[in-house]
Amino acid sequence: MKVYIETFGCAMNHKDSENILAKLKADREAVQTDKITEADLIIINTCSVREKPIQKLFSELGSFNAIKKSGAKIGVAGCTASHLGREIIQKAPYVNFVLGARNISKIISVLDKKGAVEIDIENDESLELYPSLPVSNFRKSINISIGCDKQCSFCIVPFTRGEEISIPTDLIISETQKAVENGAKEVLLLGQNVNNYGRRFSSLTPHRDINFTGLLKEISNISGLERIRFTSPHPLHMDNKFIEEFATNPKIAKGIHMPLQSGSNKILKMMKRGYTREWFIDRVERIRRAVPEVAISTDIIVGFPDESDSDFNDTLELLNIAKFEQLFSFKYSPRPLTEAKDFKNQIADDIASERLIRLQAIHQKIMEDLAINRKNKIYSVLFDSFDSESNCLIGRTSSGLLVKAKGEKINFGEIRNVKIIESMRTQMKGQIIF
Ligand code: 5AD
Ligand code: SF4
C-alpha cells in the first residue's frame, strides 16, 4: 500500500501523521509516497486553528479526487476532521473516512469501512503505544500530553482535541530511551500545553505525582540524550522553579516558545489568557537574566475583537521590551464554537492587515539588531546535514538558531563549538573551532 499524507498545523499534528504512518507500515506494510497519483491511500491531516486551511481542505479534496488512482481511498484526519465530522463526507462524498484528532489510533479500523467517522472527543489515547519510525536528523518528537484544558476565548483546540490528559511518565521515559537507542540526540516534547504536565492522568492506569519540571529532570537523566526541547508551554505556568531548571539543566535546549497573543491587559483578559503583560514581561526578563544565550519565540494575534489602537500599541511596546528572536503573527480568525466569535466590535480586515504589517516590520528591525549582537560569539551546534550548494555543514544552536559552518569533516549528530562570522536575521555562518 502506498500512502500519500499531507499535514497542516502544529507539531502535534505532524506527530499524529507520523503515528498514522507507523501504524499503516506495521499493519499493512505501507510505504510513503510523495506522488498523489501513485497512492492507494491519500490522507489530509488538517488544522482548524484558522479559517484558511479549511477552505484549502475542500479545494484540495476536489483536486486530489480528480487525479487519484482508480480505487484509491481518501481520508481526512486531524482537527478539522474532529470539528466537521460527517459534514466532510456530506460535502465530499468520495471521502472514505474521517478520523478526528485523539482518534488516530483507530486508523486501521476505518480503512475498510466506507463512510467511517471517528471523532470521539473523549477518546483517551494517552496510553497508546505506536510502532516507531526511524529517527531522522537525530531528532524525535514525543507526545507528553493530549488535549488542552485552557479556555482561551479565540481557540478551537479544546473542542477538537478535548480535555487534557498527561501521558504516563514511564511511557514518556521509555519512548525517549527507545528514540535515543535508535539514534536520537534531541527530543521535542509535545503537547498543547506542555508545562501543565501532571495535572490529570488517564483514569485507566495508576500515576505518579509529578509536574513538568519533574518530568524534565527525569528525562535529562537518560544517557546519550543531548538536548531536550518542548512545545508549546503556556507563560502562566512558567514558575520560578521551572525557570531555574530551564536555566541550570544543561540538557534543556535554550530556546523557548512564549506565546504572548497580545500585549494589552484588556485584550489578554478578553482572551482569558490568565496572565497580565506585567507577568509576561517579568517572566521574559527572569529567563533572559538566567539564560543570556536564550532565544525566545512568540505567537501574536492582531485584530482581536475590540482591539483599539492603544491596545495594539501596547503589543508593539511589549515587542520592543521582550525582543523576541522569532515571531509567529496572525490576524484574528473567528472560529466556530469559540466565545470570541460572538464578541462585539470585531475588527475590520483592512485594519487587522495593516496592524499585522506594522507588527512584522517592527519585528524585522528587532531581529536585525539581535543578529548584530551574535557576531563573533561562540555557540555549540548540533550538526545534522550538509548543504552542497553552500558547501556548508548545517546545524542548530541549543537555542534553535540555524547555523551553516565550514570546517573539518565531522560526523553528523556531533555537537561542536562554532565561532560566528556572519550573522543574519534567520541564520548564521561560522567556523567550527573545536
Ligand atoms: N485566530 C488567529 N490565530 C489563532 N491562533 C489560535 N487561534 C487563533 C484564531 N482564532 C494562533 C495563536 C496560537 C497559534 C497556534 O495560533 O497565536 O498560539
Ligand atoms: Fe491546528 Fe491547533 Fe489542531 Fe494543532 S491543535 S492542528 S494548531 S487546531
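Coordinates for the structure precede this section.
Here goes a summary of the coordinates provided. (Residues numbered from 1 in each chain as written. Chains lettered and ligands numbered in written order. Predicted model: local features only at pLDDT ≥ 70, side-chain atom pairs only at ≥ 80, totals over all residues. Heavy atoms only, no water.)

## Quick word on the pattern of salt bridges
Then, in step 1: Summed over the entire model, instances satisfying the criterion amount to 35 salt bridges.
Then, in step 2: The shortest N-O distance in the salt bridge between Lys 69 and Asp 40 comes to 2.7 Å. Within this pair, whereas Lys 69 is found in the loop between α2 (52-67) and β4 (73-78), its partner Asp 40 is found in the loop between β2 (31-32) and β3 (41-46), the two being separated by 29 residues in sequence.
Then, in step 3: The exposure class of Lys 69 is partly exposed, given its relative accessible area of 33%.
Then, in step 4: Where salt bridges share partners, they join Arg 139, Glu 186, Arg 227, Arg 229 and Asp 384 into one cluster. (Salt bridge = Lys/Arg side-chain N within 4 Å of Asp/Glu carboxyl O. Helix = DSSP H or I, 4+ residues; strand = E, 2+ residues; numbered from the N terminus. Buried < 20%, exposed > 50% of the residue type's maximum accessible area, 1.4 Å probe, protein only.)

## Re α2
Then, in step 1: The end-to-end C-alpha distance of α2, which contains 16 residues, comes to 23 Å, matching closely the 22 Å that a straight helix rising 1.5 Å per residue would cover.
Then, in step 2: Taken together, the buried positions of α2 are occupied by Ile 54, Leu 57, Glu 60, Leu 61 and Phe 64. Projected down its long axis, α2 shows its buried positions confined to an angular sector of 115°, all on one face. In α2, those exposed residues whose orientation departs by more than 90 degrees from the buried face are Lys 52 and Ala 66.
Then, in step 3: In this structure, the buried side of α2 is in contact with β1 (2-7), β3, β4, α3 (79-84) and α4 (86-91). (Expected span 1.5 Å × (residues − 1). Arc of directions from axis to C-beta. Contact = heavy atoms within 4.5 Å.)

## With respect to the nonpolar core
Then, in step 1: By size, the foremost hydrophobic cluster in this structure holds 54 residues, and its most contacted members are Leu 189, Phe 212, Phe 230 and Ile 256.
Then, in step 2: When residues are assigned to domains, this core turns out to be shared by domain 2 (124-253) and domain 3 (256-374), each giving three or more.
Then, in step 3: Not counting the four nearest positions on each side in its chain, Phe 230 is found in contact with Leu 188, Leu 189, Val 194, Phe 212, Leu 216, Phe 242, Phe 246, Ile 252 and Ile 256. (Core = buried A, V, L, I, M, F, W, Y, C linked by side-chain atoms within 4.5 Å. Domains from an automatic or database assignment.)

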